[in-house]
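Structure assessment
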Amino acid sequence: MTKPIQLAHVVLRTSRYREMIDWYMAVLNATLTFGNETLSFITYDEEHHRVAFIHIPGLSEARSPAAGVDHVAFTYATLVELLDNHDRLKGVGILPFWCINHGPTTSMYYRDPDGNQIELQVENFETVQESTRFFYSDEFNENPIGVEFSPDDLRARLIAGESEASVKRRPNIGPRTLSDGVPLG
């Protein structure tokens, strides 16, 4: 069986067309590769588009929680890059609603103008195999959600000389489940 080589792009329907384009361009530090009154493409890498927007006036508001996509995640190369992006976004008034170290990733969740959730993350392990092993650990079984953090605290630890690997290591706080304050939409 053949399989895809990558996830190419995400397409969003919106009535907040310009606001959504501007928000995603800011959050992803992306550029517009095409745009008219109905359809726009943005990218942050060599691909012609990673996120597309279809302008449909008069759409109803999304209900939450509801069945559907929970979030879309974008990975940064290093924790420093993730934190630098957080600082840049904070400077223009875009703040995460949830910052959590899941174990395999250190993640910040944002809501776009339509309420869609976007995760900006960094991998905590050197290899996919190490991340996968963590899923089968007693620690992950006891707490599959993670541990909240302050981006400013992580940056202070890095500035103080702590290694990125140490800062990304998830603290073990004991049992935690979905009912323990996990944002659902």
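Report follows, based on the coordinates.

Calculation notes
Residues numbered from 1 in each chain as written. Predicted model: local features only at pLDDT ≥ 70, side-chain atom pairs only at ≥ 80, totals over all residues. Heavy atoms only, no water. Pairing = 2+ DSSP bridges. Helix = DSSP H or I, 4+ residues; strand = E, 2+ residues; numbered from the N terminus. Axes fitted to C-alpha atoms, helices over the stretch in contact; angles between N-to-C directions. Contact = heavy atoms within 4.5 Å. Core = buried A, V, L, I, M, F, W, Y, C linked by side-chain atoms within 4.5 Å. Buried < 20%, exposed > 50% of the residue type's maximum accessible area, 1.4 Å probe, protein only. Polar contact = N/O pair within 3.5 Å; in protein donor to acceptor, adjacent residues only side chain to side chain.

1. Digging into the sheet that holds strand E3 (residues 39-43)
- Pairing is mixed in the open sheet, where four strands are placed in the order E1-E4-E3-E2. The open sheet has two free edges, formed respectively by strand E1 (10-14) and strand E2 (31-35), since each of these has just one partner strand. Taken pair by pair, the neighbouring strands of this sheet meet at an average axis angle of 20 degrees, ignoring direction.
- Across four bridges, the pairing between E3 and strand E4 (residues 51-55) is antiparallel. Across the sheet, Phe41 pairs through a bridge with Ala52, a residue of E4.
- On the sheet, helix H1 (residues 17-28) packs against E1, E2, E3 and E4 and is oriented at approximately 170 degrees with respect to E4.

2. Thoughts on the nonpolar core
- In terms of nonpolar packing, the biggest core is built from 29 residues, with Tyr24, Leu28, Val51, Phe53, Leu79 and Leu120 touching the most fellow members.
- Those elements giving two or more residues to this core turn out to be H1, E4, strand E5 (71-76), helix H2 (79-91), strand E7 (105-111), strand E8 (117-123) and helix H5 (151-159).
- Element by element, the count of residues in this core is highest for H1, at seven residues.
- Residue contacts for Val51: discarding those within four places in its chain leaves His9, Val10, Leu12, Tyr24, Leu28, Ser40, Phe41, Ile42 and Phe74.
- Of all hydrophobic cores here, the second largest spans five residues; its members include Trp98, Ile100, Tyr109 and Val182.

3. Considerations on the side chain of Asn101
- Its location among the elements puts Asn101 in strand E6 (residues 98-101).
- Note on Asn101: relative accessible area 5%, which makes it buried.
- Polar side-chain contacts of Asn101 include one of 2.8 Å to the backbone nitrogen of Gly103.
- Side-chain polar atoms of Asn101 contact the backbone oxygen of Lys168, separated by 2.7 Å.

Interpretation note: all reported values are geometric properties and have no functional meaning in isolation.
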